[in-house]
Amino acid sequence: MTHGTAAPALKMGVPIPNGKLGMWLFLGTEIMFFTAFIGTYIVLRMGSPGWPTDPEVTHIRVWAGGTNTFVLICSSVSVVLAHEAMAMLDFRRATKWIGLTLTLACVFLGIKSYEYYGKFSHDILPNHVAESPTQALDKLAREMDAATGLPALKAEQNNIKQLQALGQGNEEVLAKRLEGVDKQIADRAEIEAAYKPLREKIKAQNITLPESREALAKLQEKYPQFAGVHDPHVILYGNIFSSTYFLLTGFHAIHVLVGMLMFAIILWRGLSNTLTTEHAVLVENAGLYWHFVDLVWIFLFPLIYII
Amino acid sequence: MTDGHVSGQTHEAEAHSHHGQYLLVFYALCVLTALSVIADLAGGGKGRIVLALIVLTIACFKALFVMMYFMHLKFEGKWKYALLAPTGVLAIALMVALGPDIGMHYYDQQVPQVTEEAQQALHDAHGEAGHSEAGQGADAHGKAPAEH
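These numbers come from a predicted model, not from an experiment. (Residues numbered from 1 in each chain as written. Chains lettered and ligands numbered in written order. Predicted model: local features only at pLDDT ≥ 70, side-chain atom pairs only at ≥ 80, totals over all residues. Heavy atoms only, no water.)

### Some words on helix α3 (residues 62-87) of chain A
Along its 26 residues, α3 of chain A runs 38 Å from first to last C-alpha, staying within 8% of the 38 Å computed at 1.5 Å per residue. For α3 of chain A, the buried fraction is high: 22 of the 26 residues fall into the buried class. (Helix = DSSP H or I, 4+ residues; strand = E, 2+ residues; numbered from the N terminus. Expected span 1.5 Å × (residues − 1). Buried < 20%, exposed > 50% of the residue type's maximum accessible area, 1.4 Å probe, protein only.)

Shown next as structure tokens:
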């Protein structure tokens, strides 16, 4: 028998664990995914002279992006130290580093949420931004209408009256509904009288942006209902700016969330003392994925926050 | 599983030597990030192309550090070339293919918002020079300055 001297069976493929190979192949597809987005962003950006860059307009703060860059760098170090602790079979230390990484990921998303809040509160959202004075005034009119609620009430009043004229529906119910709607419209008579002149001027295209801003400020002083109406202003290419901003940072944030899920699983295993050598590849893969998330941000930070 | 153990043992032997490297890379990444911010502050909005080249070059170096040390590509075998060459080539090819779209503008900027903006700029220029602008093409809305 030659079993004792037989050469070891040949192993096909690359000399790394299958899980790690899978992760690298996945990261290869991810590189293409983000390269396409970043390339498209650069094309749109370079093809749009007058792209908004003023922080007072875009509400993009370099300090926020810089802090998040620092947070991600710290998390990259902590995850690599967790991987190192796993290699040294120090699972308790690995758990601590993973816990720190998860915390830093939460900080990153917290800062990102703060930035997103700024965009939402200033209505810098796709298809919401006025790119010309005409659009700005139209938007102002729409927002004032929505703030008073009068167009919706008047539409309902008309519907009820039509139903009554056609003899459809329960008469008593319709009469009660109409009474309620009429009362709501009557309650808004003062505010309607106050904002109607401005509304009419916008409709007749007989007002400039500064004049409309002045008129709005006066209305907001007197009627809190108009507090949520945005200051009418123009942001050239604001819609495509916000589309690309939310696409790039949004997909990155989704990747952060997936990474957090992986860290949460590892942390749970560590805290329940079930983290073993078997999970070394899992920690390594989570680390590789997280470094890729950091890598993407390394390019997003200059592209979105600086240039 | 065996592969996992082999990988673990290899890293265990190298763990101590890597620890200092990780810290050095961390410091380098922090310094490079600070340099990007300084470049932005020093630029003051002027010379955006130069600023873009500077910060993107810095970003490339940062990415290189992360890939080489944190992702351990510097210490991995030759498999990394086989695995990453296709995606690397395709990613670079995509950016090269987009080059003409980035560098050349084939059409005039005749989109409505730019036209309206140009009319406003013209109106402002004439207004400052003391000319009357009545009936010169700037309508009531065109009178509104674009706010940024």
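### Concerning the pattern of salt bridges
A side chain with one charge may pair with a side chain of the opposite charge, provided their charged atoms come close. For the structure shown, the criterion picks out 10 salt bridges over all chains. Here Lys112 of chain A makes a salt bridge to Glu115 of chain A, at a shortest N to O gap of 3.2 Å. Pair noted here: Lys112 of chain A and Glu115 of chain A are both in helix α4 (residues 91-121), with a separation of 3 residues, about one helical turn. A single burial state applies to Lys112 of chain A and to Glu115 of chain A, both of which are buried. For the salt bridge of Glu192 of chain A with Lys154 of chain A, the shortest nitrogen-to-oxygen distance reads 2.4 Å. Of this pair, Glu192 of chain A sits in helix α8 (residues 189-203) while Lys154 of chain A sits in helix α6 (residues 150-166), placing them 38 residues apart in sequence. On the basis of relative accessible area, Lys154 of chain A is assigned to the partly exposed category, the value being 32%. Residues participating in the shared-partner salt-bridge network are Lys20 and Glu284 of chain A together with Glu76 of chain B. (Salt bridge = Lys/Arg side-chain N within 4 Å of Asp/Glu carboxyl O.)

### Let's talk about the interface of chain B and chain A
Each partner contributes to the interface: chain B provides 63 residues, whereas chain A provides 72 residues. Interface area, chain B with chain A, both sides summed: about 6000 Å², of which 76% is carbon and sulfur. There are 1 salt bridge connecting chain B and chain A. Applying the counting rule to chain B against chain A returns 5 residue pairs in polar contact (both at pLDDT 80 or more). Listing elements by their share of the side of chain B that touches chain A, those giving two or more residues are α1 (2-43), α2 (48-70), α3 (79-103) and α4 (112-128) of chain B. For the side of chain B that touches chain A, the element with the most residues is α1 of chain B, which contributes 19 residues. (Contact = heavy atoms within 4.5 Å. Buried area = accessible area lost by both parts, 1.4 Å probe. Polar contact = N/O pair within 3.5 Å; in protein donor to acceptor, adjacent residues only side chain to side chain.)

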